[in-house]
Each structure stands twice: as structure tokens, then as C-alpha cells.
Amino acid sequence: AQSVTQPDIHITVSEGASLELRCNYSYGATPYLFWYVQSPGQGLQLLLKYFSGDTLVQGIKGFEAEFKRSQSSFNLRKPSVHWSDAAEYFCAVGETNAGNMLTFGGGTRLMVKP
Amino acid sequence: DVKVTQSSRYLVKRTGEKVFLECVQDMDHENMFWYRQDPGLGLRLIYFSYDVKMKEKGDIPEGYSVSREKKERFSLILESASTNQTSMYLCASRTVYGYTFGSGTRLTVV
């Protein structure tokens, strides 16, 4: 069975600083990988996804993520964080042969200092 | 855009009550899901449905059931609510392009 680990439960960065959120997955085949963001009181919004092809994926709101098969990682990055990026971020892996059911990591809560 | 609507944002129910959480999607999607979200545990799949009247257990189905009588509506049922079912519940609908989530229902069982 697949699993997703987000090692950082909380991260605090200063506004304008760069950001990297870590995600490691366990899956036997090539996974479908996703990053979602959840603002307080809201549902989850898709930031970006990786299915195949270029391992550097661009998403919305200036985010990008890089799939590294050798490290089983799919880390999320942003060069300059804005105060509005404060939220909880979830990495997820989907099965390629089971209706793409998602398994989620535990989430990383991002706080942004002024 | 696909819209997934959960009828209640906040619910407070008593222990032992039967609770219905409703979810409606407006894009004729076949696949729908119910997750619960708890701090530090991320989202865990309770049940999913890939067609009308079809349902499959997810990772934590105990204490829950579901109903899918129409394609657009997927209901989560707590047969006898307990305090350990206090949580945020998220419904999602899926296409080949990804998932769309509802805004969630925060359920408190007292």
C-alpha cells in the first residue's frame, strides 16, 4: 500500500523568503502526485500535480514541485512567500490503477511572519 | 468549474444520534469520496463510490455508512454518533484531471 510522509508538521518563514515543503512517498509503481492547499475553514484546492513527463511541475500561485524518483520525493517550492500563503499544505499520492484514490500526508502548516 | 457542495459547514450532534452529511456535485462525475480530516493525520478515506448504488470501503469505514441513490449526491451516515467521530469531513468528486473538494463539514459530537 502507498503512503505519504510530510516530515514537517509546522514551518514558519518570513514574508519574501523562499519556501520548501517536503514530501516523501512510498509506492511501487510510478505514482500520481499532488499538492493541495487548505486555507482556514476551506476545502482543499489543487496547487499542482504530476502524472508523467517533465519532473519539474508548475502550479498556481507561483508554486512548483519537483518529482525525484531516486529519492521518492515530491517537494513543493516557492521562491518568495506572501502572507496569503499561510495555510495547511497536503501532499498526496494516487494509485494509477485503482480509480486514482488518493492517500494524503499528514499536512504541513505554514505560518508566515511579517 | 466543478462545484462540490456540502450542505452544512458546522454541525453539533448528541452521542447516539443518527447523522447525515450531504454532498452534491454538479458535473455528472462518477467517482465521489468521503474523507475525514484530523490534526496530524491528514485526510483519511472513509468510503468512496464509483457509480450510483455502488460503494467501497476506504481505510476507516467503521461507524459509517454511505448512500448514493443519484449520481450527483453522496451521503455519509453516522448510524450512532460517538465523540470520537468529532472531526472535519470532506467530500470530493473526481475526474481524470483531479479531485475537487467541498468546503467541509465540521462535526462536533457532544
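In the block above lies the structure referred to throughout.
Notes on the structure follow. (Residues numbered from 1 in each chain as written. Chains lettered and ligands numbered in written order. Predicted model: local features only at pLDDT ≥ 70, side-chain atom pairs only at ≥ 80, totals over all residues. Heavy atoms only, no water.)

1. Quick look at the overall build of chain B
- In terms of helices and strands, chain B carries zero helices and twelve strands.
- Listing the helices and strands of chain B from first to last along the sequence gives β-β-β-β-β-β-β-β-β-β-β-β.
- Against the compact-globule benchmark of 13 Å for 110 residues, chain B has a radius of gyration of 13 Å, which places it among compact chains.
- Dimensions along the principal axes, computed over C-alpha positions, put chain B at roughly 40 × 25 × 25 Å.
- When burial is assessed residue by residue, chain B has 47% of its 110 residues classed as buried. (Helix = DSSP H or I, 4+ residues; strand = E, 2+ residues; numbered from the N terminus. Rg over C-alpha atoms; globule rule 2.2 N^0.38 Å. Buried < 20%, exposed > 50% of the residue type's maximum accessible area, 1.4 Å probe, protein only.)

2. Some remarks on the pattern of salt bridges
- On inspection of all chains with the given rule, the structure shows eleven salt bridges over all chains.
- Of the charged contacts in the structure, one is a salt bridge between Glu64 of chain A and Arg77 of chain A, with a shortest N-O distance of 3.2 Å. With Glu64 of chain A in strand E8 (residues 64–68) and Arg77 of chain A in strand E9 (residues 73–78), the pair connects residues that are 13 residues apart, well separated along the chain.
- With a shortest N-O distance of 3.8 Å, Glu22 of chain B and Arg73 of chain B are connected by a salt bridge. Of the two residues, Glu22 of chain B sits in the loop between strand E3 (19–21) and strand E4 (23–25) while Arg73 of chain B sits in strand E9 (residues 73–78), which places them 51 residues apart along the sequence.
- Accessibility expressed as a relative area gives 22% for Glu22 of chain B, which makes it partly exposed.
- Under the relative-accessibility criterion, Arg73 of chain B is labelled partly exposed at 39%. (Salt bridge = Lys/Arg side-chain N within 4 Å of Asp/Glu carboxyl O.)

3. Brief notes about the interface of chain A and chain B
- On the chain B side, the residues contacting the 17 residues of chain A number 19 residues.
- Regarding the contact of chain A and chain B, the summed buried area is about 1,500 Å², with carbon and sulfur atoms giving 53% of it.
- Its largest share of buried area at the contact with chain B, chain A owes to Leu44, Met101 and Phe104 of chain A, together 30% of the area lost on that side.
- One can count zero salt bridges joining chain A with chain B.
- Of all the secondary structure elements, the ones that give two or more residues to the side of chain A that touches chain B are strand E5 (32–38), strand E10 (87–94) and strand E11 (102–104) of chain A. (Contact = heavy atoms within 4.5 Å. Buried area = accessible area lost by both parts, 1.4 Å probe.)

4. Describing the side chain of Arg36 of chain B
Residues and elements named next belong to chain B.
- Looking at where Arg36 falls in the secondary structure, it is placed in strand E5 (residues 31–38).
- Accessibility expressed as a relative area gives 9% for Arg36, which makes it buried.
- One polar contact links Arg36 to Asp38, side chain to side chain, over a distance of 2.8 Å.
- Only 2.9 Å separates the side chain of Arg36 from the side chain of Tyr64, close enough to count as a polar contact.
- Sequence-distant contacts of Arg36, defined by excluding residues within four places in its chain, comprise Gly42, Leu43, Arg44, Ile46, Ile60, Tyr64, Asn84, Gln85, Thr86, Ser87, Met88 and Tyr89. (Polar contact = N/O pair within 3.5 Å; in protein donor to acceptor, adjacent residues only side chain to side chain.)

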